[in-house]
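Descriptive structure summary
Okay, here's what each chain looks like letter by letter:
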Amino acid sequence: MFYFIVSSRIKTRRNVTSMSSLLEKLKVVNLIFVITSITTFYCYGKTTNKIIVAAHVEPPFMIYKSGTYTGRNAVVVRLLATSIKKDIDFKPCSFGQCLNMMEQGKADLIVDIRQTPERQNYLQYLETPLYSEVLQMNYYSLHDDPKIIQSYQDLKNLNIGVLGGASYYNPFDQDKSLNKTETNNHQQLVTMLLRKRIDVFIGREESIKAQAEKYIYENKIKIAPYKIKQKVAAYIAISKKSSLVNYSNVLSKNLISILNREEIKPLFPQ
């Protein structure tokens, strides 16, 4: 009888221990589930019905005025969102900040961006380019500056203004020997040149004309003889940390249909 009581107590203790161990395991499993859910929630967006667009304002392509985004880039992303029954939420950012938002998954989509090996690490590009064209990059200096930029070598020892995060051409992008000053937008490039804080800056004519007053563009700054012409393609891209990547094939097909619309064709030269 004594042996039976002791044996029963031992079995009871073993059962209690097993039950406690099981409860501890369940707690760990539940904790892992909660952590995974929270991580997924923040990595893939809080609102799946709304596309967050990293919006770099660059007139005339992306314009912000009176609380509204307009311009050809805004038109296309709205049509693209509508094609999959989603809304758009534009988040203003400098170009460099826009890239950081995409890399961190804080934005779902960015428009009018070139492909680079670095960007491909965190961006999923739609298959069809937004546009493809021969683009001319100009170097701008002050109108009364006696220095003449006639070749790449003439850029040495100059303070060159660039848009932070932007890609221009090779070897310029990779050239660490050049003195480059990054800015947030093209307006800052014009202002810094006028204040003689930089010697020259690089940009495409459409963007600079839209940011500089007509008088300043025609009388205060000039285009250097040295210009770069190259065939470029710009894309719409999705953050690889966004759940929108699941729609990449559908969006690629829908983009083709949008670009083939008669009212859209004139906006994007191919």
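Figured I'd write up the structure that's included with this text. (Residues numbered from 1 in each chain as written. Predicted model: local features only at pLDDT ≥ 70, side-chain atom pairs only at ≥ 80, totals over all residues. Heavy atoms only, no water.)

This next bit is on the pattern of salt bridges. Evaluated as defined, the whole model comprises nine salt bridges. Across the pair K91 and D89 runs a salt bridge, and its minimum N-O distance is 3.4 Å. Residue D89 is classed as partly exposed on the basis of its relative accessible area, which comes to 22%. A salt bridge links R261 to E263; its shortest N-O distance comes to 3.9 Å. (Salt bridge = Lys/Arg side-chain N within 4 Å of Asp/Glu carboxyl O. Buried < 20%, exposed > 50% of the residue type's maximum accessible area, 1.4 Å probe, protein only.)

This brings us to the state of the cysteines. Linking two cysteines covalently via their sulfur atoms produces the bond known as a disulfide. Inspection of every chain in the model, using the stated rule, returns one disulfide. The partner cysteine of C93 in its disulfide is C98, sulfur to sulfur 1.9 Å. Negative torsions about the S-S bond denote left-handed disulfides, and the value of about 90 degrees found for C93 with C98 makes this one right-handed. Exposure remark for C98: the relative accessible area of 0% places this residue in the buried category. (Disulfide = S-S within 2.5 Å.)

On to the pairing of strand β12 (residues 228-239). Pairing of strand β5 (residues 109-113) with β12, which is carried by four bridges, proceeds in the antiparallel orientation. When the bridges of β12 are listed, I110 appears paired with A237. Bridge count for strand β6 (residues 123-125) against β12 is three bridges, and the pairing is antiparallel. Bridging from a neighbouring strand, Y125 pairs with A237 of β12. (Pairing = 2+ DSSP bridges. Helix = DSSP H or I, 4+ residues; strand = E, 2+ residues; numbered from the N terminus.)

Right, let's get into helix α3 (residues 95-104). Within α3, the full set of buried residues consists of F95, G96, C98, L99, M101 and M102. Turning to α3, the residues buried within the fold contact β1 (50-55), β4 (87-92), β5, β6, β8 (159-163) and β12. Just past α3, the residue G105 takes up positive phi, approximately 80 degrees. (Contact = heavy atoms within 4.5 Å.)

Right, let's talk about the packing of helix α2 (residues 72-83) against helix α7 (residues 248-259) for a bit. With their axes 10 Å apart at the nearest point, α2 and α7 run at an angle of 125 degrees to one another. Judged on the interaxial angle alone, α7 and α2 are oblique. Of the two elements, α2 crosses α7, and the hand of that crossing is right-handed. In this structure, α2 contributes V76, L79, L80 and S83 to the contact, and α7 contributes L251, N254, L255 and I258. When the residues that make up the contact of α2 with α7 are grouped by side-chain class, the tally is six nonpolar, two polar and no charged. (Axes fitted to C-alpha atoms, helices over the stretch in contact; angles between N-to-C directions. Parallel < 35°, antiparallel > 145°, perpendicular 65-115°, else oblique. Left-handed = near helix turned anticlockwise from the far one by under 90°. Nonpolar A, V, L, I, M, F, W, Y, C, P; charged D, E, K, R; others polar.)

On to the side chain of D108, then. Mapped onto the fold, D108 is located in the loop between α3 and β5. Among the polar contacts made by the side chain of D108, one reaches the side chain of S242 at a distance of 2.7 Å. Residues in contact with D108, not counting those within four places in the same chain, are K50, I51, I52, M102, A237, I238, S239, S242 and L244. (Polar contact = N/O pair within 3.5 Å; in protein donor to acceptor, adjacent residues only side chain to side chain.)

On the secondary structure map, Y247 appears in the loop between β12 and α7. Sequence separation of Y247 and L126 is 121 residues, and the distance between their C-alpha atoms is 9.8 Å. Ignoring sequence-local partners within four residues, the contact set of Y247 consists of I84 and K86.

Take the environment of V200 next. Summarising the element assignment, V200 is placed in strand β10 (residues 200-204). Its relative accessible area of 0% is what places V200 among the buried residues. The sequence separation of V200 and D145 amounts to 55 residues, and the corresponding C-alpha distance is 9.8 Å. Not counting residues up to four positions away in its chain, the partners in contact with V200 are Y139, Y140, S141, I149, L158, N159, I160, G161 and L193.

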